[in-house]
Amino acid sequence: MHLNPYGEYAVLLAASLANDWPADRAGIEARTLALGMTQTFPPAVDDHAEVRAVIDDWLAIVDEPDADARALLLNAQLAAAAAYPRLTNHDGEGWHLHYRDDVPSLPYVLRAIISLGTSLHLVTRGMGRLGRCQASPCTNVVADVTRNGRQRFCSVRCANRAAVRRHRARG
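The following refers to the structure shown. (Residues numbered from 1 in each chain as written. Predicted model: local features only at pLDDT ≥ 70, side-chain atom pairs only at ≥ 80, totals over all residues. Heavy atoms only, no water.)

Moving on to the environment of Thr124. Inspection of the secondary structure assignment puts Thr124 in helix α5 (residues 106–125). The exposed category is assigned to Thr124, whose relative accessible area is 56%. As a C-alpha pair, Thr124 and Gly7 span 117 residues in sequence and 9.0 Å in three-dimensional space. Only 2.6 Å separates the side chain of Thr124 from the backbone oxygen of Leu120, close enough to count as a polar contact. (Helix = DSSP H or I, 4+ residues; strand = E, 2+ residues; numbered from the N terminus. Buried < 20%, exposed > 50% of the residue type's maximum accessible area, 1.4 Å probe, protein only. Polar contact = N/O pair within 3.5 Å; in protein donor to acceptor, adjacent residues only side chain to side chain.)

On to the side chain of Arg111, then. Residue position: Arg111 is located in helix α5. In this structure Arg111 touches Ala53, Val54, Asp57, Gln77, Ala80 and Ala81, once residues within four positions along its chain are discounted. (Contact = heavy atoms within 4.5 Å.)

Attention now moves to empty space enclosed by the protein. Evaluated as defined, the whole model comprises 1 cavity of 30 Å³ or more. When its volume is computed, the largest cavity comes out at roughly 40 Å³. As for the largest cavity, its lining consists of Val54, Asp57, Trp58, Ile61, Gln77, Arg111, Ile114 and Ser115. Contributions of two or more residues to the lining of the largest cavity are made by α3 (47–62) and α5. The element that contributes the greatest number of residues to the lining of the largest cavity is α3, accounting for 4 residues. Here the lining of the largest cavity is composed, by residue class, of 4 nonpolar, 2 polar and 2 charged. (1 Å grid on protein atoms, 1.4 Å probe; cavity = no way out; pocket = protein on both sides within 12 Å on 5 of 7 lines; lining within 4 Å. Points joined across faces, edges and corners; volume = space filled by probe spheres on them. Nonpolar A, V, L, I, M, F, W, Y, C, P; charged D, E, K, R; others polar.)

This part takes up a nonpolar patch on the surface. On the surface, a nonpolar cluster with roughly 370 Å² of combined accessible area is contributed by Leu87, Trp95 and Leu97. The residue Leu97 is located in strand β2 (residues 96–100) in this model. (Patch = residues over 30% accessible without salt bridge, like charges linked within 9 Å, V, L, I, M, F, W, Y side chains within 5 Å. Areas by Shrake-Rupley, 256 points an atom, 1.4 Å probe, with all protein chains shown as cover. Salt bridge = Lys/Arg side-chain N within 4 Å of Asp/Glu carboxyl O.)

Written as structure tokens, this is what we have:
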């Protein structure tokens, strides 16, 4: 049973796209399928650029340090993409909720999923659980889905690099 299909996977999908932008629309679709989406959408000429705009808008939320301002940005994104909840049973995956209109557009659906997923992630885990990697010079997005809420690095490699820097600075 999926109680929150828009939360963790949506924010991890957004972070994955932000951290490693696909070269084309096929790469975006492959990533969405690999990270939990089940639907595909008819291609449109401007999908690659439109999804990039979705991710750039999402990065403004990631980079906003003030929780109130972050909420305002996120509310604007929700208003642009979300709709009333509806029951659906597409692709035979079983009944579940969608929080968007049934628009067959990859950019539209990603905006809705990412904004709602980010909202759920931040209100259930904490408004500070989204940011940038703290291992300079890395600027990857970190979506903290850990139990203890202390993830500061995008990878083990960055965490190790930061630990080595701290060790060398002491000695």
